[in-house]
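Here's the letter readout for the chains.
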Amino acid sequence: MRVVVDTNVLVSAVLSSTSPAARLLEEWRHGDFDVVSAPAQIEELTRVLRYPKIRQRVPLATGSNLVADLKERC
């Protein structure tokens, strides 16, 4: 199954490791489904993860790992 995940859902996943969005991300990483994305969405995610409000709550490595996973697997 292929799934398009909104950027806001991806951000929610890294903001709270116990959120439904985080569980969705873990299921994707375990191969339960494929995520479909586009370069524009990855750029948007990268930009959003740099917002000061987000950077205060999301470690740089966490955001970088998500972006790298998306680039590699999508």
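Let me begin by describing the structure that accompanies this report.

Parameters and conventions
- Residues numbered from 1 in each chain as written.
- Predicted model: local features only at pLDDT ≥ 70, side-chain atom pairs only at ≥ 80, totals over all residues.
- Heavy atoms only, no water.
- Helix = DSSP H or I, 4+ residues; strand = E, 2+ residues; numbered from the N terminus.
- Rg over C-alpha atoms; globule rule 2.2 N^0.38 Å.
- Buried < 20%, exposed > 50% of the residue type's maximum accessible area, 1.4 Å probe, protein only.
- Contact = heavy atoms within 4.5 Å.
- Areas by Shrake-Rupley, 256 points an atom, 1.4 Å probe, with all protein chains shown as cover.
- Polar contact = N/O pair within 3.5 Å; in protein donor to acceptor, adjacent residues only side chain to side chain.

Points about the overall build of the chain
Here's step 1: From N to C terminus, the chain includes five helices and two strands.
Here's step 2: For the chain, the succession of helices and strands along the chain, N to C, is β-α-α-β-α-α-α.
Here's step 3: Computed over its C-alpha atoms, the radius of gyration of the chain comes to 11 Å, within 12% of the 11 Å expected for a compact globule of 74 residues.
Here's step 4: When the 74 residues of the chain are sorted by exposure, 32% land in the buried category.
Here's step 5: Within the chain, residue pairs in contact and separated by at least 24 positions form 69% of the contacts whose partners lie at least 6 positions apart.
Here's step 6: For the chain, the exposed surface amounts to about 5000 Å²; the carbon and sulfur share of it is 52%.

Considerations on the environment of Q41
Here's step 1: Assignment of secondary structure puts Q41 in helix α3 (residues 39–49).
Here's step 2: On the basis of relative accessibility, which here comes to 14%, the residue Q41 falls in the buried class.
Here's step 3: A C-alpha to C-alpha distance of 15 Å links Q41 and A13, two positions 28 residues apart in sequence.
Here's step 4: Those residues in contact with Q41 that lie beyond four places of it in its chain are V5, D6, T7, L10 and V36.
Here's step 5: At 2.6 Å, the side chain of Q41 and the side chain of S37 are in polar contact.

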